[in-house]
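Here is how the chains run, residue by residue.
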Amino acid sequence: MMSKITLVFCLLLTIFFGVQLKCGESIAPVLPTKVTIEITNSVYNGYLDVHCKSKDDDLGLQHLNVGQSYSFSFFPKYFIPSTLYFCRFIWTGGDHYFDIYVEDRDGYCKDKPCSWNILANGPCRWISGALKCFPWNPPAAGERLLL
């Protein structure tokens, strides 16, 4: 015969998995899921230099021709949603930053991968069948942007 503690634990576990299956879109998956970010150069005047970082990882400088893509993958923080990746985008006439992955905003990217098109006026991403464009991050104090 099962003890009361074991029975309560099994009941709570069953409820947790049931909620995960029913409401999986708004709750983190049962197991950590790898997220892939894909960045496509849609700036139509030459090369786009992309340099992405998180607090712990520097992904290095990437050079993308028009239409070329670059992608990277990672496991977001599972219990405390605080993963952040930001990128610097430089092209002839432009120099901007954008938070390419914010765990609270992007979650586990239901439209795997999180695909971004980088345009001169800001990055855009398809979300729930609609193209959503975002503004660039404001410039840091003392930083001069080429416009």
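Please refer to the structure higher up on the page.
Because the structure is predicted, anything quoted here is derived from the model rather than measured.

Caption draft 1: Just the packing of aromatic side chains, in detail. Scanning all chains against the criterion turns up ten aromatic pairs. For the ring pair Tyr 70 and Phe 72, a centre distance of 5.9 Å and an interplane angle of 35° mean the geometry is tilted. For Tyr 70, a relative accessible area of 12% corresponds to the buried category. Judged by relative accessible area, Phe 72 falls into the buried class, the value being 7%. Centroid distance Phe 74 to Tyr 85: 4.5 Å. Interplanar angle 35°. Geometry classified as tilted. One end of the pair, Phe 74, is in strand S4 (residues 69–74); the other, Tyr 85, is in strand S5 (residues 84–91), and eleven residues separate them in sequence. Taken together, the ring pairs in this structure connect Tyr 70, Phe 72, Phe 74, Tyr 85 and Tyr 101 into an aromatic cluster. A cation over a ring is seen here: Arg 105 above Phe 134, with NZ or CZ 5.1 Å from the ring centre.

Caption draft 2: Representation of the state of the cysteines in the model. With the rule as written, the count across this model stands at two disulfides. Here Cys 52 engages in a disulfide with Cys 87; their sulfurs sit 2.0 Å apart. On the S-S bond that ties Cys 52 to Cys 87, the torsion sits near 100°, and the link is right-handed. Taken together, the residues Cys 52 in strand S2 (residues 48–53) and Cys 87 in strand S5 connect sequence positions 35 residues apart. Like Cys 52, the residue Cys 87 is buried in the burial classification. What pairs with Cys 124 in a disulfide is Cys 133, and their sulfur atoms sit 2.0 Å apart. The S-S bond linking Cys 124 to Cys 133 shows a torsion near 105°; that makes this disulfide right-handed. Exposure remark for Cys 124: the relative accessible area of 1% places this residue in the buried category. Owing to a relative accessible area of 45%, Cys 133 belongs among the partly exposed residues under this scheme.

Procedures and definitions
Residues numbered from 1 in each chain as written. Predicted model: local features only at pLDDT ≥ 70, side-chain atom pairs only at ≥ 80, totals over all residues. Heavy atoms only, no water. Phe/Tyr/Trp six-rings, centres within 6.5 Å; stacked < 30°, edge-to-face > 60°. Buried < 20%, exposed > 50% of the residue type's maximum accessible area, 1.4 Å probe, protein only. Helix = DSSP H or I, 4+ residues; strand = E, 2+ residues; numbered from the N terminus. Lys NZ or Arg CZ within 6 Å of the ring centre and 35° of its normal. Disulfide = S-S within 2.5 Å.

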